[in-house]
Amino acid sequence: MNTATHATASADSSKKRGNILAVVVIILALGIIGGVISTIGNAPSCPDELIGSWTTTATGYEDKVLLITKNGLAFNAGDGAIEGQAIRQVEATPDGLRTLYTIVYGTSRSDEQALSFHYHSREHTITFKTQSHLVWTRNRVES
């Protein structure tokens, strides 16, 4: 009879471990699902002051367009060539009367690129960090 009691206790112990393992797996799964949902909910977006179609009248750039939407960038290099990318991160750093924006974009982490420019709040213009002589003005669009 002692053997039967030992077998029952062993079965109960095994069942408890199985239940605990199932609870741990469920908690981990819910944590992962919650993380994915919060990441999707925190997708980076551009501020309204940047959203629009940006153009310049500078020589050599008359047919170039930079389109910024809430979640993407599109470059028109002229001749009908357009390249669109998803925005992955947006950073804003105050710099006197300007704001330095750095937008990280790309189709994947291995394909990320950064675009840095100053937004001038008084003139509502942008100048790229590497091309400060070019002034870009915005034509508003809805995204």
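Quick summary incoming for the structure in this document. Not measured: the values here are computed from a predicted model. (Residues numbered from 1 in each chain as written. Predicted model: local features only at pLDDT ≥ 70, side-chain atom pairs only at ≥ 80, totals over all residues. Heavy atoms only, no water.)

What about the layout of surface pockets?
(1) Moving on: Space inside the largest pocket adds up to approximately 200 Å³.
(2) Moving on: Lining the largest pocket are twelve residues, and of these K64, F75, F128, Q131 and W136 lie nearest its centre.
(3) Moving on: At the level of elements, β2 (65–68), β3 (72–76) and β8 (131–139) are the ones that each hand at least two residues to the lining of the largest pocket.
(4) Moving on: Class assignment of the residues belonging to the lining of the largest pocket gives a composition of eight nonpolar, three polar and one charged. (1 Å grid on protein atoms, 1.4 Å probe; cavity = no way out; pocket = protein on both sides within 12 Å on 5 of 7 lines; lining within 4 Å. Points joined across faces, edges and corners; volume = space filled by probe spheres on them. Helix = DSSP H or I, 4+ residues; strand = E, 2+ residues; numbered from the N terminus. Nonpolar A, V, L, I, M, F, W, Y, C, P; charged D, E, K, R; others polar.)

Observations concerning the sheet that holds β2
(1) Moving on: Here we have eight strands rolled up into a closed barrel, ordered β1-β2-β3-β4-β5-β6-β7-β8, and antiparallel in their pairing. Put simply, the sheet's adjacent strands are angled 35° from each other on average, direction ignored. (Pairing = 2+ DSSP bridges. Axes fitted to C-alpha atoms, helices over the stretch in contact; angles between N-to-C directions.)

Some points on unusual backbone geometry
(1) Moving on: A positive phi angle is found at H124, which is not glycine, with a value near 55°.
(2) Moving on: Within the fold, H124 resides in the loop between β6 (113–120) and β7 (125–128).

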